[in-house]
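Here is what each chain is made of, one letter per residue.
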Amino acid sequence: MTGASIRHRDDGSVELRVNGLFVMDDVETSSERVLARSVLDAGAYDVLVGGLGLGFTARELLADPSVEQVIVAEIHPEIADWMRDGIIAGADLFIDPRFDLRIGDVQEIVPTIPAACLDAILLDVDNGPDSLVYADNARVYHSEFIQLCASRLRAAGHLSLWSQADSAPVRAVLAEHFAVVTAESLPVNLQGRTENYWILRGQGPKAPR
Ligand SMILES: C[S@@+](CC[C@H](N)C(=O)[O-])C[C@H]1O[C@@H](n2cnc3c(N)ncnc32)[C@H](O)[C@@H]1O
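Let us look at the structure shown here.

Cut-off values and rules
- Residues numbered from 1 in each chain as written.
- Predicted model: local features only at pLDDT ≥ 70, side-chain atom pairs only at ≥ 80, totals over all residues.
- Heavy atoms only, no water.
- Axes fitted to C-alpha atoms, helices over the stretch in contact; angles between N-to-C directions.
- Helix = DSSP H or I, 4+ residues; strand = E, 2+ residues; numbered from the N terminus.
- Parallel < 35°, antiparallel > 145°, perpendicular 65-115°, else oblique.
- Left-handed = near helix turned anticlockwise from the far one by under 90°.
- Contact = heavy atoms within 4.5 Å.
- Nonpolar A, V, L, I, M, F, W, Y, C, P; charged D, E, K, R; others polar.
- Core = buried A, V, L, I, M, F, W, Y, C linked by side-chain atoms within 4.5 Å.
- Buried < 20%, exposed > 50% of the residue type's maximum accessible area, 1.4 Å probe, protein only.
- Near = heavy atom within 4 Å.
- Polar contact = N/O pair within 3.5 Å; in protein donor to acceptor, adjacent residues only side chain to side chain.
- Areas by Shrake-Rupley, 256 points an atom, 1.4 Å probe, with all protein chains shown as cover.
- 1 Å grid on protein atoms, 1.4 Å probe; cavity = no way out; pocket = protein on both sides within 12 Å on 5 of 7 lines; lining within 4 Å.
- Sits in = over half its atoms within 2 Å of the grid points.

1. Topic: the packing of helix α6 (residues 143–151) against helix α7 (residues 168–177)
Next, step 1: Between α6 and α7, the least distance of the axes is 9 Å, while the angle of their chain directions is 45°. Judged on the interaxial angle alone, α7 and α6 are oblique. For the element pair α6 and α7, the recorded crossing hand is right-handed. Residues Ser143, Ile146, Gln147 and Ala150 of α6 lie in contact with α7, whose contacting residues are Val173, Leu174, Glu176 and His177.
Next, step 2: Across the contact of α6 with α7, the residue classes break down as 4 nonpolar, 3 polar and 1 charged.

2. Focus: the nonpolar core
Next, step 1: The biggest cluster of nonpolar side chains holds 40 residues, and the ones touching the most others in it are Leu16 and Leu61.
Next, step 2: Counting 25 residues, the second-largest nonpolar core is a separate cluster that includes Val106, Ile121, Ala150 and Leu161.

3. Description of the site of the ligand
Next, step 1: Surrounding the ligand, one finds 23 residues, the nearest of these being Thr57, Glu74, Val106, Asp124 and Asn137.
Next, step 2: One of the backbone nitrogen or oxygen atoms of Leu54 is found 2.9 Å away from an oxygen atom of the ligand.
Next, step 3: Within the side chain of Glu74, a nitrogen or oxygen atom sits 2.6 Å from an oxygen atom of the ligand.
Next, step 4: In the complex, the protein chains occlude 100% of the 610 Å² of accessible area that the ligand would expose alone.
Next, step 5: Cavity membership is defined here by more than half of the atoms lying within 2 Å of grid points; on that basis the ligand lies in the largest cavity.
Next, step 6: Per-class residue counts for the shell around the ligand are 12 nonpolar, 7 polar and 4 charged.

Right under this line is the structure:
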């Protein structure tokens, strides 16, 4: 099944599926918000987010008045329609003039961004590099696309990738293109049990060789 779908659960929470796979709900959203906070704390003003989802990363960015623009690349236009129509929360995002939603594959949208004009790129389009929602998303974690992202960042810029597991191969690819690579483990409470999600991050794009 391709496309996105929403389920309103009996307890009032909302679940998002993409291509038939569970990608998130609105119950445990701490890691989506930390994805934004970690670059806000580093002074990011111009940010691109891959994957609108239920809008938690974008909303956290926009809550900071020093942020100047939040470009969001989302492959499924129906998610934005549900927000605008009030079927799910998110209409507030569209009122903010700094919010710039671009419908399409993030792999097609990043190349349209001029070089060295973003402080951060935040990618949360899958459940992680080992748990893709679309097979084509495998290229998001390959050297060519990571290098393209690095080229769109300013000198101290960050590329952060959300993942449900750590990934040594992705850290190695980040290290090809960034001066500093970190993997941050985020404990999350999933219906009473603790698991760890991850943010894999490259900071300081290296000059292309
Ligand atoms: C886990 S959700 C993002 C969650 C988001 N960080 C939040 O705070 O709600 C993943 C989103 O990425 C979108 N997506 C998947 N592949 C994509 C791609 N190649 N380009 C753009 N969006 C994509 C999905 O449709 C979904 O909306």
